[in-house]
Amino acid sequence: GLADIGIDVLSTAGNHCLDMGFDGLSRTIDVLDEANISHVGTYKTEEEQNNILIKDVKGVKIAFLNYTYGTNGIPIPHDKPYCVNLIDKDLIKKHIDLAKSQNADVIVACMHWGIEYQTTPSDEQKELADFLFNNGVDIILGNHPHVLQPMEKRTVTLEDGTTKDCFVIYALGNFICDQNAENTRNSIILDLNITKNTDGKISINKATYTPIYMYKNPSLKTKKMKVLDIVKTISNYENGSDTSIGLNTYNLLKTQLEKINS
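The paragraphs below set out a description of the structure included in this document.

Quick notes on the rules
- Each chain carries its own residue numbering, running from 1 in the direction its sequence is written.
- Restriction of local features to residues with pLDDT of at least 70 applies here, the model being predicted, together with a cutoff of 80 or more for giving and counting side-chain atom pairs; totals for whole chains, interfaces and linings are based on all residues.
- The side-chain quantities take in all heavy atoms of the structure and omit both hydrogens and water.
- Think of a 1 Å grid over just the protein atoms. A cavity is a set of points where a 1.4 Å probe fits yet cannot get out, a pocket is an open set with protein on both sides within 12 Å along at least five of seven lines, and lining residues have an atom within 4 Å of a point.
- Grid points are joined across faces, edges and corners, and a volume is the space filled by probe spheres set on the points.
- Segments assigned H or I by DSSP are reported as helices when at least four residues long, segments assigned E as strands when at least two residues long, and all are numbered from the N terminus.
- Each residue gets one of three labels, nonpolar for Ala, Val, Leu, Ile, Met, Phe, Trp, Tyr, Cys and Pro, charged for Asp, Glu, Lys and Arg, and polar for the others, Gly among them.
- Definition of nonpolar core: a set of buried residues of the types Ala, Val, Leu, Ile, Met, Phe, Trp, Tyr and Cys, connected through side-chain atoms within 4.5 Å.
- Accessibility here uses a 1.4 Å probe with only protein chains present; expressed as a share of the type maximum, an area under 20% marks a residue as buried, one over 50% as exposed, and anything in between as partly exposed.
- Between two residues, a contact is recorded if the distance between any of their heavy atoms is within 4.5 Å.
- Each pair of strands is called paired provided DSSP finds at least two bridges between the two strands.
- For helices, the fitted axis covers only the stretch in contact; all axes are lines through C-alpha atoms, and the angles between them, taken along N-to-C directions, range from 0 to 180 degrees.
- Rotating anticlockwise by less than a right angle from the far helix to the near helix defines a left-handed crossing, while the corresponding clockwise rotation defines a right-handed one.

A few words on empty space enclosed by the protein. For the structure on display, the rule yields one cavity of 30 Å³ or more. In this structure, the largest cavity encloses a volume near 30 Å³. Taken together, N174, F175, T184, R185, N186, S187, I212, Y213, M214 and V227 form the lining of the largest cavity. For the lining of the largest cavity, the secondary-structure elements that each account for two or more residues are β9 (186-196) and β10 (202-216). The leading source of residues in the lining of the largest cavity is β10, at three residues. The residue inventory of the lining of the largest cavity, partitioned by class, reads five nonpolar, four polar and one charged.

On to the nonpolar core, then. Residues V106, V108, I230 and L253 are the most contacted members of the largest nonpolar core, which totals 26 residues. When residues of this core are traced back to their parent elements, those giving at least two are β4 (60-68), β5 (106-112), β8 (163-169), β10, α5 (230-238) and α6 (246-261). For V108, the residues in contact, after removing those within four places along its chain, are I62, A63, F64, L65, I139 and L141. In terms of nonpolar packing, the next biggest core, distinct from the first, is built from 24 residues, L65, Y67, W113 and C166 among them.

Any empty space left between the atoms is revealed when a probe the size of a water molecule rolls over them. The space that makes up the second largest pocket amounts to roughly 420 Å³. Taken together, 18 residues line the second largest pocket, and the ones lying closest to its centre are D105, G136, D138, L158 and K164. Those elements that provide at least two residues to the lining of the second largest pocket are β5 and β8. The dominant element in the lining of the second largest pocket, judged by the number of residues it contributes, is β8, at three residues. The residue makeup of the lining of the second largest pocket, split by class, is five nonpolar, six polar and seven charged.

To continue, consider the sheet that holds β10. Taken together, three strands build an open sheet; the order of strands is β9-β10-β11 and the sheet is antiparallel. At either margin of the open sheet sits one strand with a lone partner, and together these are β9 and β11 (225-229). Each neighbouring strand pair of the sheet contributes to a mean axis angle of 30 degrees, computed without reference to strand direction. Alignment of β9 against β10, held across 11 bridges, turns out to be antiparallel. The residue of β10 that forms the bridge with I189 is T210. α5 contacts β10 and β11 of the sheet and is inclined by roughly 85 degrees relative to β11. With respect to the sheet, α6 is in contact with β9, β10 and β11, its orientation differing from that of β10 by roughly 150 degrees.

This part covers the packing of α5 against α6. As a packed pair, α5 and α6 sit with axes 10 Å apart at the nearest point and diverge in direction by 145 degrees. Crossing angle aside, the handedness with which α5 passes α6 is left-handed. Contact residues: α5 offers I230, V231, T233, I234, Y237 and E238, while α6 offers G246, L247, Y250, L253, K254, Q256, L257 and I260. In terms of residue class, the contact of α5 with α6 is made up of nine nonpolar, three polar and two charged.

With that settled, consider the sheet that holds strand β3 (residues 53-57). Strand order in this open sheet of six strands is β3-β4-β5-β6-β8-β7, and the pairing throughout is mixed. Each end of this open sheet is capped by a strand with a single partner; those strands are β3 and β7 (151-157). Between one strand axis and the next, the sheet turns through 20 degrees on average, direction left out of account. Here β4 runs beside β5; their pairing, made up of seven bridges, is parallel. Paired with F64 across the two strands is V108, which belongs to β5. The strands touched by helix α3 (residues 89-101) within the sheet are β4 and β5, with β4 carrying the most contacts at an inclination of about 170 degrees. Packing of helix α4 (residues 123-134) onto the sheet brings it into contact with β5, β6 (139-143), β7 and β8, and relative to β7 it is tilted by some 50 degrees.

Right under this line is the structure:
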């Protein structure tokens, strides 16, 4: 299903990645391989952990890295320390240097971090973001809190005095879920526009997003969940072309849109 909607890369290092042990972690990798979805963050061998995932997208080489704060207290197998990328500055720096050595144009760090249900980043997230940017990461995609956190484009000045465009979204929120806590059903699909300039430098031209809502129709027995494009759904309801959501959901979506934008 994920492959069918256009997902090319998945980050798999998260606090639940060892819930079913190393066997479950390995099976996840096998299933993604069968679906031809690239993955980063969990590994079956040490060799794989040090093999940086790089995607050539329209002539721009994008490296993907992924780290998690922990594994819900489940110990990482002592004979397989390589199976999960934990947030460890030495490991992160090693992978960034490997990505640079392979001439990556853009380095994306997918970070499983932060405090659940908190709509603002923690001090630890901010400190880690600075560390990542200063060591060569260009884009940070945050995850774990289940709710949206702010995004920011910034110009970072490096130790040698050069500057570069950087972008962070501290948490993307849920994409597909069945949670009911506040802000867990609203999220975004992020759209970054990146240019590789003739001098080799990267420009992050703009960051836009599609507000989405995880809709659940309790009157249906199957296929009751649907990811709604909020703006489109509101517009279709107002012009009468879609009456499936009803007035209550229409008003709810307007409220969710305000929350997402704020």
